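Topology and contacts: notes
Single-letter residue listing:
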Amino acid sequence: MKCAFCEHELTPEMLRDEGCGACIGGCRKIHCPYCGHENPVVSEFLDKLLKGGKDKG
Amino acid sequence: MQKQQRDEKKIILVGNPNVGKSVVFNTLTGSYTTVSNYPGTSVEVSRGQCQIADESFLVLDTPGMYSLLPITEEERVARRILLEESPYVVVHVIDARNLERMLPMTLQLIEAGLPVLLLVNIMDEAERVGMQIDISLLQEKLQIPVIGGALGRGKRGLWELRDAISDFQPRQTTFVYATDLEKDIQKISTLMQGDYILSKRCLTLMLLQRDEEIVQRVQDRENSQYAKVENAVNETVFARRVDLHLRISLERKRICKGLLAGVITQQEGERPVFADRFSNWTMNPWTGIPLLLLVLYFGIYQFVGVFGAGTIVDFLEGGIFEEYLNPWVIGWCEQYIPWYWLNELLVGEYGLFTLGVRYAVAIILPIVGTFFIAFAVIEDSGYFPRLAMLVDRVFKRIGLNGRAVIPMVLGFGCDTMATVVTRTLESTRERVIATLLLALAIPCSAQMGVILGLLSSVPGALMVWLVCMVGVFLLVGFLAAQVVPGERPMFYMEIPPMRLPQLQNVMVKTLTRMQWYFLEIFPLFMIASVLLWAGKLSGALEWLVEMFNPIMRLLGLPGEASTAFILGFFRRDFGAAGLYDLQTEGLLDPVQLTVAAVTLTLFVPCVAQFLVMQRERGWRTALIIFFVVTGLAFSVGWSLNQFLLMTGIL
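About the criteria used
- Residues numbered from 1 in each chain as written.
- Chains lettered and ligands numbered in written order.
- Predicted model: local features only at pLDDT ≥ 70, side-chain atom pairs only at ≥ 80, totals over all residues.
- Helix = DSSP H or I, 4+ residues; strand = E, 2+ residues; numbered from the N terminus.
- Buried ≥ 20, exposed ≤ 12 C-beta atoms within 10 Å, placed from the backbone.
- Contact = placed C-beta atoms within 7 Å.
- Domains from an automatic or database assignment.
- Nonpolar A, V, L, I, M, F, W, Y, C, P; charged D, E, K, R; others polar.
- Pairing = 2+ DSSP bridges.
- Right-handed = clockwise from strand over helix to strand, strands pointing away.
- pLDDT = per-residue confidence, 0-100.
- Expected span 1.5 Å × (residues − 1).
- Axes fitted to C-alpha atoms, helices over the stretch in contact; angles between N-to-C directions.
- Parallel < 35°, antiparallel > 145°, perpendicular 65-115°, else oblique.

1. A word on the overall build of chain A
Across its full length, chain A holds one helix and two strands. Ordered by position from N to C terminus, the α and β elements of chain A give β-β-α. By residue count, 37% of the 57 residues in chain A fall in the buried class. Of the contacts formed within chain A by residues at least 6 apart in sequence, a portion of 41% connects residues at least 24 apart.

2. So, the overall build of chain B
Looking only at helices and strands, chain B has 29 helices and nine strands in total. Expressed as a percentage of the 650 residues in chain B, the buried residues total 44%. Taking contacts inside chain B between residues at least 6 apart in sequence as the whole, the part at least 24 apart equals 73%.

3. Details of the domain arrangement of chain B
Residues and elements named next belong to chain B. The domain boundaries assigned to chain B delineate domain 1 (2-166), domain 2 (179-281) and domain 3 (285-488 + 508-647). The C-alpha-based centres of domain 2 and domain 3 are spaced at 44 Å. Each partner contributes to the interface: domain 2 provides four residues, whereas domain 3 provides six residues. Counted by class, the side of domain 2 that touches domain 3 contains two nonpolar, one polar and one charged residues.

4. Let's talk about the pairing of strand β5 (residues 89-95) of chain B
All names here are of chain B. Here β5 lies mainly inside the structure; six of its seven residues are buried. Where strand β1 (residues 9-14) meets β5, four bridges bridge the pair, whose relative direction is parallel. Note on β5: the bridge partner recorded for Ile12 is Val90. In this sheet, strand β6 (residues 116-121) lies alongside β5 in parallel orientation, the contact comprising six bridges. Each bridged residue has a counterpart across the sheet, and for His92 the counterpart in β6 is Leu118. Viewed along the sheet, the connection from β5 through helix α4 (residues 99-111) into β6 turns out right-handed.

5. A few points about the interface of chain A and chain B
Opposite the 24 residues of chain A that make contact, chain B presents 30 residues. Counting residues per element, the ones that place at least two in the side of chain A that touches chain B are β2 (38-40) and α1 (44-51) of chain A. Per-class residue counts for the side of chain A that touches chain B are 15 nonpolar, five polar and four charged.

6. Regarding the environment of Asp415(B)
Turning to its location among the elements, Asp415(B) is positioned in helix α19 (residues 415-421). Taking the C-alpha atoms as reference points, Asp415(B) and Thr190(B), separated by 225 residues in sequence, lie 49 Å from one another.

7. So, the pairing of β6(B)
Residue and element names in this part refer to chain B. Burial of β6 is extensive: six of the six residues sit out of reach of the surface. Burial of β6 is two-sided: the residues Val116, Leu118 and Val120 facing one way and the residues Leu117, Leu119 and Asn121 facing the other way are all buried. The pairing of β6 with strand β8 (residues 146-148) spans three bridges and is classified as parallel. By the bridge assignment for β8, Leu118 is matched with Val146.

8. Notes on the confidence of the model for chain A
With 60% of its residues at a pLDDT of at least 70, chain A reaches an overall mean of 72. Within chain A, β2(A) carries the highest mean pLDDT (87), whereas α1(A) carries the lowest (76).

9. So, helix α24 (residues 540-554) of chain B
For the α-helix, the turn length of 3.6 residues means that residues three or four positions removed from each other point alike. With 15 residues, α24(B) should cover 21 Å at 1.5 Å per step; its first-to-last C-alpha distance of 22 Å lies within 8% of that length. Immediately downstream of α24(B), the backbone of Gly556(B) shows phi near 80°, a positive value.

10. So, the packing of helix α15 (residues 340-347) of chain B against helix α16 (residues 352-380) of chain B
Residue and element names in this part refer to chain B. Close contact between α15 and α16 brings their axes to 4 Å; oriented N to C, the two are set at 15°. One element, α15, and the other, α16, form an angle in the roughly parallel class. Two secondary-structure elements touch here, α15 through Leu345, Leu346 and Val347 and α16 through Leu352, Phe353 and Thr354. Taken together, the residues of the contact of α15 with α16 break down into five nonpolar, one polar and no charged.

11. Details of the sheet that holds strand β3 (residues 44-52) of chain B
Residue and element names in this part refer to chain B. Ordered by their spatial adjacency, seven strands build an open sheet running β2-β3-β4-β1-β5-β6-β8, and the pairing between neighbours is mixed. At either margin of the open sheet sits one strand with a lone partner, and together these are β2 (33-37) and β8. Taking each pair of neighbouring strands and ignoring which way they run, the sheet shows an average axis angle of 25°. Lying over the sheet, α4 contacts β5 and β6, oriented at roughly 165° with respect to β5.

So, in structure tokens, the structure goes:
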């Protein structure tokens, strides 16, 4: 995944534990460590929904 | 085995992510590799063996890094490997298509005194877009071995790479910076007495850029001599505090430009010239401002304001909810629930369904949905970094610089999150000014959508609102820049290429953001409905509305408008939805609608934003901003009402 602002490569490990507290269940964005831009992380629920259960079983 | 590994010469592969380092690693090592976490970290490093000219080498594949000055854990590990593994050769792998962006790191590696071999990878793709790279000229200029290759396909360049490793002879090259910077480097580096793996020139530059790990290493190595080094560094940093990072980056860019002169030739006709030309237009004020206005008109006004807040909201709120859902739910509750208080809680004036669910689903969600689509399209096109360059000059006048574009554009999505993002700005001064401007003059998407939708039906009203917002933003920013003390950092950033947004990517981002937004607002809207219901039944709300009435009268607004302001304190979008109700009930004339829209947009930040302001900037600053914003909102609202009544322009 690349930052949509500066195009630096982002990894899921960069998903911060510390967010603004607004997201229920923890921060769901990667704040790019290079420019600070907020990049959304696709939730498991949405990921499954978009794949239409293709990876089941 | 471990002893054998220690005795082997080490080949360390470094480079940006996605330049083909792992392909080079696999090609060199074959299947004899191990992957393990680097000691003390969760970052994986691959190691493998390779035989070149009957000699055995240990090959290390490092995590992606953009510079020797690390920002992420991966970059820290990559640098630590360079510092601690005593490489025989460091193979810097770069993407041939992005030579200009990646060559500054080659310069850093050479400058660090490391034994560098440059591998210009992905040559096939570069040639496919018409680029010709003169590898031997680049080698001559850099004075290190340079190999051109495409190891991903057909292993082009593999044998040249193996030969270059086998015949490798380390060389020392120095690229000279501007005279004043050279003097600073000389002054500090001569004070260092210890032995280091990296050159003292490179260490000096990292000390000047406040690299904590390097500071610690130099401190440990210099002992009593360190105080002199520290003093010299502090003096230089103080003297050049405004533009030190920028100077170093620009000097490296200047050297790279000279190195690349004549190295790259672009075949005519095969170059995607329009993308480059368009990119330049977006950053030139003469063409960039009209393009910005087009983006705002079609992306925000037409798509979010007219389509999202108009067409979709009318359909959902006026059609589905008012005609079908509300009558059915209200009828059911009245028939089966005998208690007045419970009826009120569920389907009353501030009921969970009639207010909370309706606001969240029928008014706010379609607006933020269309906003997030527009945002994702603009974001994925690569327009935002260009916007940052375009507004840099204006932003400098208000105490910020182009970097502040990130929190500002994020503020249109949600001001609370954008306030958190202000921490990425370099100085405290910038953070305070950006926090103030976000609280004052940046409406969130839902608020902006409702206001655009409502005001577009009154000729001239939208222009008045826009002039007020831009005027207040610039004036308050300008005044704040005079009052708030602190440094004025320079702004510089690499501009990534422009891209064509991909439909699937835009939809995934939009749905992700909508899911997050809905999960966040829905419980808050429910809580706000319950509080308003309790306030109504206890009489506290009536008392609060009475308190607001004199202010509403001063603004020329009806008493009922108090509710929108009270709702606005819970959340900006909640207040905007309240304004929508006032307008659809026919309680506001054009002047009142415009005054209410301006005052509500400027009005106090919502509870969540205030709490984040307090956490990020402290109680004192948060309270000052709160009172300044409140005072300004009502002053501007009052002045606007007087002006509109006097001139009769609406």
